[in-house]
Amino acid sequence: MVNSVKYHLDTEKGERLITIEPVYEEIAGGDLFATGRYILSENSSNIGEIRFDGELFEWEWNGNPPFTDENIYQIVNFIREYNEPELVFDLD
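The rules we used
Residues numbered from 1 in each chain as written. Predicted model: local features only at pLDDT ≥ 70, side-chain atom pairs only at ≥ 80, totals over all residues. Heavy atoms only, no water. Helix = DSSP H or I, 4+ residues; strand = E, 2+ residues; numbered from the N terminus. Buried < 20%, exposed > 50% of the residue type's maximum accessible area, 1.4 Å probe, protein only. Contact = heavy atoms within 4.5 Å. Areas by Shrake-Rupley, 256 points an atom, 1.4 Å probe, with all protein chains shown as cover. Core = buried A, V, L, I, M, F, W, Y, C linked by side-chain atoms within 4.5 Å. Pairing = 2+ DSSP bridges.

## Description of the overall build of the protein chain
A count of helical and extended segments in the protein chain gives 1 helix and 5 strands. In the protein chain, the order of α-helices and β-strands from amino to carboxyl end is β-β-β-β-β-α. Within the protein chain, buried positions represent 28% of all 92 residues. Long-range pairs, those at least 24 residues apart, make up 27% of the contacts in the protein chain with a sequence separation of at least 6. Just so you have it, the protein chain exposes about 6900 Å², and 46% of that area is on carbon and sulfur atoms.

Laid out in structure tokens, this is it:
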């Protein structure tokens, strides 16, 4: 994931619109490095962070408890399976 994504999360209390923002760090030469960290927010309020270790196999939730474990698993699986939309160039 390169850009922030809006995710519709179904919870017991109804649907919530969660923004998932990947965190990058700048390394030597100005290149960006994916950290494996994703900041979650709702209505412009930070609600926590998901951190992946290695190849997205192990993860850790660091945030307030507005979600059940099942909700966090849904978000984690979304991030794991997410494919960035391809850019479309019209050369006409």
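## Regarding the nonpolar core
Grouped together as the largest cluster of nonpolar side chains are 16 residues, with contacts concentrated most on Ile18, Ile20, Leu40, Ile50, Phe67, Ile75 and Ile79. When residues of this core are traced back to their parent elements, those giving at least two are strand E1 (5-11), strand E2 (14-26), strand E3 (32-42), strand E4 (45-53) and helix H1 (69-81). Here this core takes 4 residues from H1, the largest share from any one element. Every residue in contact with Ile20, bar those within four places of it in the chain, is listed here: Met1, Asn3, Ser4, Val5, Tyr7, Tyr38, Ile39, Leu40, Ile75, Phe78 and Ile79.

## So, the pairing of E4
Pairing analysis gives 6 bridges linking E3 to E4, with the strands arranged antiparallel. By the bridge assignment, Ile39 is partnered in E4 with Glu49. Taken together, E3 and the strand that follows it, E4, pair antiparallel across an intervening segment of 2 residues, in which Asn43 is found at a positive phi of about 55°.

It is worth stressing that arrangement in space is one thing and function is another; only the former is reported here.
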